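Read off the chains here:
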Amino acid sequence: MKRWFFLLVAALGLALSQQPAPLKIGVVVSATGPAASLGIPEKNTFLLLEEEANKRGVAGRRVQFIILDDASDTTQAVRSTRKLIQEDGVLAIIGTTTTPASLGMIDVVAEAKVPMISLAASKSIIAPVDAKRSWVFKTPQTEELMARAIIADMKERGVKSVAYIGFNDAYGEGWWTFFSQEAKEGGLNVVASERYARTDTSVTGQILKIIAARPDAVLIGASGTPAVLPQRTLNERGYKGLIYQTHGVANPDFLRVGGKDVEGTLLPAGPILVAEQLPSGFPSKRPALDYITRYETKFGIGSYSTFGAHAYDAWLILRPALERALKNANPDNLTAFRAALRDELEATKNVVASHGVFNYSKDDHLGLRFQDTAVMVQVQNGRWKLVRTFR
Amino acid sequence: MDWTIFSFLLADGLQNGTIYALLALCLVLVFAVTRVILVPLGELLMFAPLSYALLLQGQFPGTAWLSASMLVAWALLDRSRLRLALALLLLAGGLLGLAYWGSHGAPGWVAWLLAVLVVLPMGPATYRLFFEPLPRGTVLVYLILAVGLHFVYQGLGLVFFGPEQYRPPPLLSGEANLGSLPLPRQVFVVYAFALLAMLGLYLFFTRSLYGKALRACAVNRLGARISGINPSEAGRVAFLLATAIAAVSGMLIAPLVNAAYFMGFLLGLKGFVAGILGGLISYPMAVGGALVVGLLESYSSFVASAYKEAIVFALLLPVLFWRSLRTLELGGEEE
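Notes on the structure follow. Just so it is clear, the model here is predicted, and its values are computed rather than measured. (Residues numbered from 1 in each chain as written. Chains lettered and ligands numbered in written order. Predicted model: local features only at pLDDT ≥ 70, side-chain atom pairs only at ≥ 80, totals over all residues. Heavy atoms only, no water.)

Section: the nonpolar core
Then step 1. Counting residues in each nonpolar core, the largest one holds 123 residues, and the members touching the most others are Ile93(A), Met154(A), Trp315(A), Leu318(A), Leu322(A), Leu341(A) and Trp384(A).
Then step 2. Per-element tally for this core: the top contributor is helix H11 (residues 306-328) of chain A, with eleven residues.
Then step 3. Apart from residues no more than four positions distant in its own chain, Leu318(A) is found in contact with Ile25(A), Ala92(A), Ile94(A), Ile117(A), Leu341(A) and Leu345(A).
Then step 4. With 108 residues, the next largest nonpolar core counts Leu29(B), Val116(B), Tyr166(B) and Ile253(B) among its residues. (Core = buried A, V, L, I, M, F, W, Y, C linked by side-chain atoms within 4.5 Å. Buried < 20%, exposed > 50% of the residue type's maximum accessible area, 1.4 Å probe, protein only. Helix = DSSP H or I, 4+ residues; strand = E, 2+ residues; numbered from the N terminus. Contact = heavy atoms within 4.5 Å.)

Overview of the state of the cysteines
Residue and element names in this part refer to chain B.
Then step 1. Scanning the entire structure with this criterion turns up zero disulfides over all chains.
Then step 2. Of all cysteine sulfurs, the one in Cys217 lies closest to Cys26, which takes part in no disulfide; the gap is 18 Å.
Then step 3. Looking at Cys26, the relative accessible area reads 1%, which means it is buried. (Disulfide = S-S within 2.5 Å.)

Let's talk about the interface of chain A and chain B
Then step 1. Tallying the contact residues gives 30 residues for chain A and 30 residues for chain B.
Then step 2. It is Thr199(A), Thr201(A) and Arg232(A) that lose the most area in chain A upon contact with chain B, and together they represent 22% of the buried surface on that side.
Then step 3. The tally of links between chain A and chain B comes to two salt bridges.
Then step 4. Two residues, Asp261(A) and Arg167(B), come together in a salt bridge whose shortest N-O distance is 3.1 Å.
Then step 5. Put simply, the parts of the chain that give the side of chain A that touches chain B at least two residues each are strand E7 (189-196), helix H7 (204-212), helix H8 (228-236) and helix H9 (252-258) of chain A. (Buried area = accessible area lost by both parts, 1.4 Å probe. Salt bridge = Lys/Arg side-chain N within 4 Å of Asp/Glu carboxyl O.)

Things to note about the environment of Pro133(B)
Then step 1. By secondary structure assignment, the location of Pro133(B) is in the loop between helix H6 (122-131) and helix H7 (139-161).
Then step 2. You can call Pro133(B) partly exposed: its relative accessible area is 49%.

Focus: the packing of helix H3 (residues 62-77) of chain B against H6(B)
Residue and element names in this part refer to chain B.
Then step 1. The geometry of H3 relative to H6 is characterised by a closest axis approach of 9 Å and an angle of 45° between their N-to-C directions. Considering their axes alone, H3 and H6 lie oblique with respect to each other. Where H3 crosses over H6, the two elements pack in a sense that is left-handed. Residues Thr63, Leu66, Ser67, Met70, Ala73, Trp74 and Leu77 of H3 touch H6, and the partners they reach there are Met122, Pro124, Ala125, Thr126, Arg128, Leu129 and Phe130.
Then step 2. Counted by class, the contact of H3 with H6 contains ten nonpolar, three polar and one charged residues. (Axes fitted to C-alpha atoms, helices over the stretch in contact; angles between N-to-C directions. Parallel < 35°, antiparallel > 145°, perpendicular 65-115°, else oblique. Left-handed = near helix turned anticlockwise from the far one by under 90°. Nonpolar A, V, L, I, M, F, W, Y, C, P; charged D, E, K, R; others polar.)

Section: the side chain of Gln165(B)
Then step 1. Its location among the elements puts Gln165(B) in the loop between H7 and strand E1 (175-178).
Then step 2. Sequence-distant contacts of Gln165(B), that is, excluding residues within four places in its chain, are made with Arg198(A), Thr225(A), Pro226(A), Arg256(A), Val257(A), Asn258(B), Ala259(B), Ala260(B) and Phe262(B).

What about the sheet that holds strand E1 (residues 23-29) of chain A?
Residues and elements named next belong to chain A.
Then step 1. Taken together, five strands build an open sheet; the order of strands is E2-E1-E3-E4-E5 and the sheet is parallel. With one partner strand each, in any of the chains shown, strand E2 (63-69) and strand E5 (136-138) form the two edges of the open sheet. Neighbour-to-neighbour, the strand axes of this sheet turn through a mean angle of 25°, independent of strand direction.
Then step 2. When E1 meets E2, the two strands line up parallel, connected through seven bridges. Looking at the pairing, Ile25 lines up with Phe65 of E2. (Pairing = 2+ DSSP bridges.)

Side note on the packing of helix H2 (residues 36-56) of chain A against helix H10 (residues 285-299) of chain A
All names here are of chain A.
Then step 1. In the contact formed by H2 and H10, the axes pass within 11 Å of each other and the chain directions differ by 95°. Between H2 and H10, the crossing angle belongs to the class labelled roughly perpendicular. Mapping the contact onto sequence places Pro41, Asn44, Thr45, Leu47, Leu48, Leu49, Glu51 and Glu52 in H2 and Tyr291, Arg294, Tyr295, Lys298 and Phe299 in H10.
Then step 2. Classifying every residue of the contact of H2 with H10 by side-chain character gives seven nonpolar, two polar and four charged.

A short note on empty space enclosed by the protein
Then step 1. All chains considered together, the criterion is met by four cavities of 30 Å³ or more.
Then step 2. Estimates place the volume of the largest cavity at around 220 Å³.
Then step 3. Listing elements by their share of the lining of the largest cavity, those giving two or more residues are H8 of chain A together with helix H1 (3-34), strand E2 (181-184) and helix H11 (231-257) of chain B.
Then step 4. Partitioning the lining of the largest cavity into residue classes produces ten nonpolar, five polar and four charged.
Then step 5. One number sums up the size of the second largest cavity: a volume of about 90 Å³.
Then step 6. Thr201(A), Tyr20(B), Lys270(B), Glu297(B) and Lys308(B) are the residues nearest the centre of the second largest cavity, which is lined by 14 residues in total.
Then step 7. Listed by contribution, the elements that provide at least two residues to the lining of the second largest cavity are H1, helix H12 (263-277) and helix H13 (283-303) of chain B.
Then step 8. For the lining of the second largest cavity, the class distribution of residues is three nonpolar, six polar and five charged. (1 Å grid on protein atoms, 1.4 Å probe; cavity = no way out; pocket = protein on both sides within 12 Å on 5 of 7 lines; lining within 4 Å. Points joined across faces, edges and corners; volume = space filled by probe spheres on them.)

Re the layout of surface pockets
Then step 1. One number sums up the size of the largest pocket: a volume of about 1200 Å³.
Then step 2. Looking at the largest pocket, it is lined by 46 residues, and the ones nearest its centre are Leu38(A), Thr98(A), Tyr171(A), Arg198(A) and Ser223(A).

Quick notes on the pattern of salt bridges
Then step 1. As enumerated under the stated definition, the model contains 32 salt bridges over all chains in all.
Then step 2. Of the charged contacts in the structure, one is a salt bridge between Arg256(A) and Asp253(A), with a shortest N-O distance of 3.0 Å. On the criterion of helical spacing, the pair formed by Arg256(A) and Asp253(A) is a turn pair, its members being three residues apart in helix H9.
Then step 3. Between Arg128(B) and Glu132(B) there is a salt bridge, and its shortest N-O distance comes to 3.9 Å. Considered together, Arg128(B) and Glu132(B) belong to a single accessibility category, that of buried residues.
Then step 4. Several salt bridges share partner residues, and in doing so they unite Asp200(A), Lys270(B), Glu297(B), Lys308(B) and Glu309(B) into one network.

Purely geometric stuff here, so don't read any function into it on its own.
Quick look at the structure:
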């Protein structure tokens, strides 16, 4: 009896050990700290994806996401990345939520030669594609793409002169760089450029200066609820022109705090924000609706956000790349497999995802065209309303 | 810059200056009595309107837990004084009960009062738990402690309220026109409260026995103790007053400026700049300094918005320099 038992255990152990080790993917997100409202839906998306990926498996193998929280902190993000690479031996890194922390991770992944897909916005993460950044890809739209969409919309509406007010930090400066550049190329006249701090309680001075310059439209280069303040002040001071915001405000909190003050705001956004309003031919409509249904089934109606969809897109890109890499390389040989995976990522073509169509190339690690990845949205009756696409 | 813009900026500067003035008053009050530079004052200001916003949404604010647990810790420290300890425990329980009521359908004005009430005990409890155990601390030790508390409270604010802003409804909605200048009615409530607070403090310090005792502590702690004044109790009263002014100010200004967990520090810092302009001892000079800071901020945001903070804080340098020249003879610490 006892011998039988041991034999059974041994056989079971043998059978288990025969099953190949899971494919480990390292994930770093800001699940706590100031960027948590972005990081939590990203983390949830990976919980959802792991469950679903293992129903079929990737090329018959299990997938394991090792999710670490960086607390919206660069040092913590870098430490987590090191840990994932050295202790867990992950095949690739996805993350992190914020631009500064993502920039910090580049050195680590380049040194260890591990491919990484960032979920942060700034173009500086993937451009220019140098020796280090050849390992780094990303999914969210850059300011440059969104600025292009804004300028296209402004020209359509006959805007001749514009003013800019933005955060006095990397976000505001990044937008100013690309917006002023695109505006100049588009033949618009930029009449004012002002700055304010996220923590400011008043922007009267800046707004008065903008109104004195009489622009046809104002772009507010800010994110989240602090973006409400300039718009409120513009309304209070009787500004009647168009007001544009960036895609950094595309969350329900902006509508909650803004209320009546943000009615009529125009902003470029990822197509998923207004997925059900998209025309049926729009490429991202299906994956976006697909993601929303799956996310809401697990986490409740109305719980999805556009930020979680960036994480979803990262997996839509990584999964086929993994499958292709598995044909030619053995994941047990980490160094070789990581290099093969990087090459396959760079070969990504026509991945239709929830935020656009990705076509990576040797010098483009974002691979989005603004026509596919940005739609103009307007706030109407406290809801996001699709006003136009650029296709 | 024409007259309209000038008057708009003036109104804006006065509004911000008044907020800084209220904070500067609290800082001076606490510093004079206890030698503590109350860096977390901005957080105490921010806790109240955010708790109010949560209560209105029917959520139980984390600040009630914080306040209650601070009171319980205080009761444990003072367990030898049975009646006080019991009263503190009772207060803690009462707070939790009231906050529960507030989050379950109490009328708006009750929630308003509750939000202030929930924050009030934090002031004296902060003094009892963190500063009183160090009766002989220097200004520097207290400052380090205060900066630490600021980070703790701000972090707790992020945990309790999340990273986004809230905008509670104002007491008076709508705008009033002053000539060609439209001003939100709520601004007048803020002005009225600021005047009331200043008048109240003036009467308190000149007419009441408590106020005179506090002044005695401010002038000479040892002498005050010899004449039978308990400096610890004076400290608690000073913290309570400062917290009350800060919490009510927060409730009044939140509808104008949007409240968020990170708003406290910068407001407190500008209040501190204003207080420094008054040498952290003179109330009228602190108020004057606050108005200077507010106006300077307002006009510099028009002229060079990217350098606004730099201009405001650069103001500190000449003032500190001038102060240090004048007070060379005052070297050491008293006691």
